[in-house]
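Breakdown of the fold
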Amino acid sequence: MTDVRMSGINTEACFQCQKCSAGCPVALHMDYKPHQVMQMLALGMYDRLLACRTIWVCASCYSV
C-alpha cells in the first residue's frame, strides 16, 4: 500500500488510463512515462524510481 502521508496523493487511485503520459510536454525526454511511474509506485519500486531521470525531468504541469 502506498503511503499517502508522504505526498498527500493516493497513487492507488490511478487506473492506468495513460492520459497523464499522453499530455506530458516532456515525456519524450523521460526514461519512464508518468503512467509507468504511477505503476512503479504502486508496486513499491522506489529504488528504481529514484535511480531514473524521469523524476528530475518532470515539469510538474499536472497535465491530464
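Residues numbered from 1 in each chain as written. Predicted model: local features only at pLDDT ≥ 70, side-chain atom pairs only at ≥ 80, totals over all residues. Heavy atoms only, no water.

1. Notes on helix α3 (residues 34-42)
The complete set of buried residues in α3 reads P34, H35, V37 and M40. Contacts made by the buried residues of α3 are with α2 (19-22), α4 (46-51) and α5 (54-57). (Buried < 20%, exposed > 50% of the residue type's maximum accessible area, 1.4 Å probe, protein only. Helix = DSSP H or I, 4+ residues; strand = E, 2+ residues; numbered from the N terminus. Contact = heavy atoms within 4.5 Å.)

2. So, the environment of C52
Take C52: it is sitting in the loop between α4 and α5. Take C52: its relative accessible area is 5%, and that puts it in the buried class. On a C-alpha basis, the gap between C52 and Y32 in space is 7.7 Å, while along the polypeptide they are 20 residues apart. Ignoring any residue separated from it by four or fewer positions in sequence, one finds C52 in contact with D31 and Y32.

3. Observations regarding the side chain of H35
Within the element layout of this structure, H35 appears in helix α3. Accessibility expressed as a relative area gives 12% for H35, which makes it buried. Once residues lying within four places of it in the same chain are set aside, the contact partners of H35 are Q16, Q18, C20 and S21.

Everything listed is a geometric property; what it means functionally is a separate question.
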